[in-house]
Structures are given as C-alpha cells and as structure tokens.
Amino acid sequence: MDMSELIVKDNALIQASYTLDLTEQRLILLAIIQARETGEGISSDSLLHVHAHTYAEHFDVNKSTAYTVMKDACKGLFDRYVTYHDKNPKTGKDRSFHCRWVDKIGYEKDTGIVYMRFTHDVVPLITRLEAQFTSYELEQVKNLNSGYAIRLYELLMQWKSVGKTSMYKLHQFRQQLGVEENKYSRMSDFKKYVLDFAVQQINDHTDINVKYDQKKDGRRITGFVFKFEAKAKNKSKRTVEPN
C-alpha cells in the first residue's frame, strides 16, 4: 500500500462506523491505557492484556461482576467489525470495507485476564484513539454508563479546538454512534434512548457541557450540529442513572 492510499484509509477510519456495547468499549479503552502505561505500544503484533481487577477499580464494580462481563465481552468483541468508506486512489470509485477489531482474543480464568490482538487494518483507528484521548479524557469517560455516550464524547473530542461540529447527517450519525439499523427507528425513540440520554450523561459526568441543534428538510430531521464548552472547574456533577 503506497503512502497516498494509506492516508486515504486512515482518514476514512476516523469517521468509521461501528457497533460496540459498553463493556467492549471499556475493554478497548483499558487496552489503550495498558499499552500506554507499559510503553508497549499498539501494533498488529501486540498481544495486549486487561486484568479484571483493573476493570473493577476503573469502573467501580466488584471483581466478580468484572470477571463475568469481561468474559462475555470476549465473545462479542471477536465478532465485531468496523465499517469504513473510501475512494479507490487509482480509479476514484467509492469503496466500502468491513474489518474486524481483533483477530485473537482470549480469557485466562485463573487470573481474570483478557488478552487481545487488534487487526492490522484497525490499528490506525486504535492508535488514533490513543493519541486523541489524554489520560484526563479517559478519566472523563469512565463514568459514562452508555456506549452511545462514550462514542459521542469521542466524536466531540475531534472538534475540541473549536467547540462546534460540522453537521452529522442522520443516517451516518446513527452508524457512527453504533445504533443498529432496526433499533430506535422512530425519531422520538432515537432522541430519548440514544441522543438525549448520551448528551445528559456527558453533561453530568464529564468536563464539558454539550447541546445540539437539529437540522431539518421541511419537517423531517436530517441531521445534528453540536456545540460544547468546558465546564467551570468547581462545578459539581449530578448523578444519573440509565433508563
């Protein structure tokens, strides 16, 4: 793959669509932390590991719960894939690719350790996440108990230098949040269970306040633009329970 094609692919992965549940997202974040703290780095050769007690401490659950959810997440993450779109650099034709997150994942029962190896194609996405999230920002997302909220926070952080996003078109935005095709198809359900809940989670549990404007074509909502700003340092946070 030449450099121009590599750049095209890496840029496409930044806007990739993927579906991960909350525990699977947390496993990936912890793998990033582990790679950073050990200095091991992340490559398609790295067999990263996440210990259940680390999960328990980081996300404030008991160890037995951590063991159970991590073991289940191993099965789910192995089947997950990323979808990204680009143009063939030689012909200009639109392309769509699916690539798996991991090509190897396992669980060591006696120690409660999950091992995972990211695929060659998805490593640029992982390393982009690693570069994007400072340790402080990882601290912010640990209190989010919605996978949609984690993904929205991640998307917003791409715009942190300006505090405002471009318009996310509805269909693509649903995919980027990881909302499955047949879930929350009614706008009222999408806003209640995905968008508004994610915004509330971010506002109550992270370092930013976010609001959105909806864009319409006539009466039909076609997309959203988000604006956000840093909270005052001494602002207290409320506790939110998921629906």
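Small disclaimer: the values here were computed from a predicted structure and weren't measured.

Asks: What is the right way to look at the overall build of the protein chain in this model?
Replies: Each helix and strand in the protein chain was counted, giving nine helices and nine strands. A burial count over the protein chain gives 46% of its 243 residues as buried. Summing over all exposed atoms, the protein chain offers an accessible surface of approximately 13,000 Å²; the carbon and sulfur share of this is 49%.

Asks: What is the right way to look at the sheet that holds strand β2 (residues 48-51) in this model?
Replies: Strand-to-strand pairing in sheets goes through backbone hydrogen bonds, with the strands running parallel or antiparallel. Taken in spatial order, the three strands make up an open sheet running β2-β6-β5, and their pairing is antiparallel. The open sheet has two edge strands, β2 and β5 (102-108), and neither has a second partner. Strand after strand, the sheet turns through a mean of 20° between neighbouring axes, direction not considered. Relative to the sheet, helix α2 (residues 22-38) contacts β2 and β6 (113-118), its axis offset from that of β2 by approximately 110°.

Asks: Can you walk me through α2 in this structure?
Replies: Along an α-helix, a turn takes 3.6 residues, which lines up residues three or four apart on a common side. With 17 residues, α2 ought to run about 24 Å at 1.5 Å a step, and its terminal C-alpha atoms sit 24 Å apart, in line with that. For α2, the side-chain oxygen to backbone nitrogen distance between the N-cap and Thr23 is 3.2 Å, and the N-cap itself is Asp21.

Asks: Could you clarify how one ought to interpret the pattern of salt bridges in this entry?
Replies: Charged atoms that come close allow side chains of opposite charge to pair. Under the defined criterion, the tally for this structure stands at five salt bridges. Linking Glu154 and Arg151 is a salt bridge whose minimum nitrogen-to-oxygen distance equals 2.6 Å. Residue Glu154 and its partner Arg151 are located together in helix α7 (residues 147-157), separated by three residues, close to a single helical turn. Arg151 carries the same exposure label as Glu154, and that label is buried.

Asks: How should a positive patch on the surface be read in this particular structure?
Replies: Taken together, Lys164, Lys211, Lys215 and Lys227 make up a surface patch of like positive charges. Among the structural elements, Lys211 can be located in strand β8 (residues 208-217).

Asks: Sorry, what's going on with the confidence of the model for the protein chain here?
Replies: Parts of the model with low pLDDT should not have their predicted coordinates read in detail. In this model, the protein chain carries an average pLDDT of 82, and 84% of its residues clear a pLDDT of 70 or more. The low-confidence segment residues 235-243 (pLDDT under 50) makes 19 contacts with residues lying over four places distant or belonging to another chain.

Asks: Explanation requested: the packing of α7 against helix α8 (residues 170-177) in the structure shown.
Replies: When two helices pack together, their arrangement is given by the angle between the helix axes and the distance between those axes. It is at 9 Å that the axes of α7 and α8 come closest, and there the two elements cross at 115°. Considered as vectors, α7 and α8 are oriented roughly perpendicular to each other. Together, Tyr148, Arg151, Leu152 and Leu155 of α7 and Phe173, Gln176 and Leu177 of α8 make up the contact between the two elements. Partitioning the contact of α7 with α8 into residue classes produces five nonpolar, one polar and one charged.

Reading guide: rules and limits
- For every chain, the first residue of the written sequence is number 1, and numbering continues from 1 onward in sequence order.
- Side-chain atom pairs in this predicted model are given and counted only at pLDDT of 80 or more, local residue features only at pLDDT of at least 70, and totals for whole chains, interfaces and linings cover all residues.
- Values shown for side chains rest on all heavy atoms present in the structure; no hydrogens or waters enter the calculation.
- Runs of H or I in DSSP of at least four residues are treated as helices and runs of E of at least two as strands, each being numbered from the N terminus.
- Relative accessible area decides the class of each residue, using a 1.4 Å probe on protein chains only: under 20% of the type maximum gives buried, over 50% gives exposed, and in between gives partly exposed.
- Only the protein chains shown count as cover for residues, with accessible areas throughout obtained via the Shrake-Rupley method and a probe of 1.4 Å.
- Paired strands are those between which DSSP finds at least two bridges.
- Axis angles are defined between N-to-C directions and span 0 to 180 degrees, where every axis is a line fitted to C-alpha atoms and, for a helix, only to the segment in contact.
- Residue contacts are counted whenever heavy atoms from the two residues lie within 4.5 Å of one another.
- An expected span of 1.5 Å times one less than the residue number is assigned to each helix.
- Polar contact criterion, stated in full: a pair of N or O atoms within 3.5 Å, where within protein one must be able to donate a hydrogen and the other to accept it, and residues adjacent in sequence count only if both atoms are side-chain atoms.
- For this analysis, a salt bridge means a side-chain nitrogen from Lys or Arg found within 4 Å of a carboxyl oxygen belonging to Asp or Glu.
- Within the patch definition used here, like charges are joined within 9 Å and nonpolar side chains (Val, Leu, Ile, Met, Phe, Trp, Tyr) within 5 Å, considering only residues with over 30% relative accessible area and no salt bridge.
- The convention is simple: Lys and Arg are positive, Asp and Glu are negative, and His and the chain ends are not counted.
- Where a charge lies is defined by one atom per residue type, namely NZ (Lys), CZ (Arg), CG (Asp) and CD (Glu).
- Residue-level confidence of the predictor is summarised by pLDDT, bounded by 0 at the bottom and 100 at the top.
- Here roughly perpendicular refers to angles of 65 to 115 degrees, roughly parallel to angles under 35, roughly antiparallel to angles over 145, and oblique to all remaining angles.
- Each residue gets one of three labels, nonpolar for Ala, Val, Leu, Ile, Met, Phe, Trp, Tyr, Cys and Pro, charged for Asp, Glu, Lys and Arg, and polar for the others, Gly among them.

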